[in-house]
Amino acid sequence: MRSSGRPWLGVLGWALFIVGMTTFFINAEALTNGDAVECDGSPMRPGQWCEQRGGESLSYDEEKKNEARGELVG
């Protein structure tokens, strides 16, 4: 008969494991994607243009600057 005096420790361990795995899978795409530049979720290549709603178009370089600025702010 096993009687540990701290059942909350096991519950805490499992809760931390679940939170850790959830955090990993939420961020896995960002970890594997690296420095890719995206337009509406699709990867862009140098020389391409991204047309956004409202008629605004951004080049690959402009979009890369915007994403880099977002990483610094975020």
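To be clear, the structure that these remarks concern was listed above.
Computed from a predicted structure; not experimentally measured.

### As for the overall build of the chain
Looking only at helices and strands, the chain features two helices and four strands. In the chain, the order of α-helices and β-strands from amino to carboxyl end is α-β-β-β-β-α. When contacts within the chain are restricted to residue pairs at least 6 apart in sequence, those whose partners lie at least 24 apart make up 16%. When the accessible surface of the chain is split by element, carbon and sulfur atoms take 58% of a total near 6600 Å².

### Quick notes on the state of the cysteines
Where two cysteines share a covalent bond between their sulfur atoms, that bond is called a disulfide. Overall, the coordinates contain one disulfide when judged by the stated rule. A sulfur-sulfur distance of 1.9 Å marks the disulfide that ties C39 to C50. Handedness of the C39-C50 disulfide follows from its S-S torsion of about 75°: it is right-handed. Highlighted residues: C39 in strand β1 (residues 38-39) and C50 in strand β3 (residues 49-51), separated in sequence by eleven residues.

About the cut-offs
- Residue indices begin from 1 for each chain and proceed along its sequence in written order.
- Totals for whole chains, interfaces and linings use every residue, but because this is a predicted model, local features are given only for residues with pLDDT of at least 70 and side-chain atom pairs only at 80 or more, for both listing and counting.
- Note: side-chain values were computed over all heavy atoms of the structure, leaving out hydrogens and water.
- Going along the chain from the N terminus, every DSSP run of H or I of four or more residues is numbered as a helix, and every run of E of two or more is numbered as a strand.
- Contact criterion: two residues are considered in contact whenever any of their non-hydrogen atoms come within 4.5 Å of each other.
- Using a 1.4 Å probe, accessible areas were evaluated by the Shrake-Rupley method; residue-level cover was limited to the displayed protein chains.
- Disulfides are defined as cysteine sulfur pairs within 2.5 Å.

Function cannot be read off these values alone, since they describe shape.
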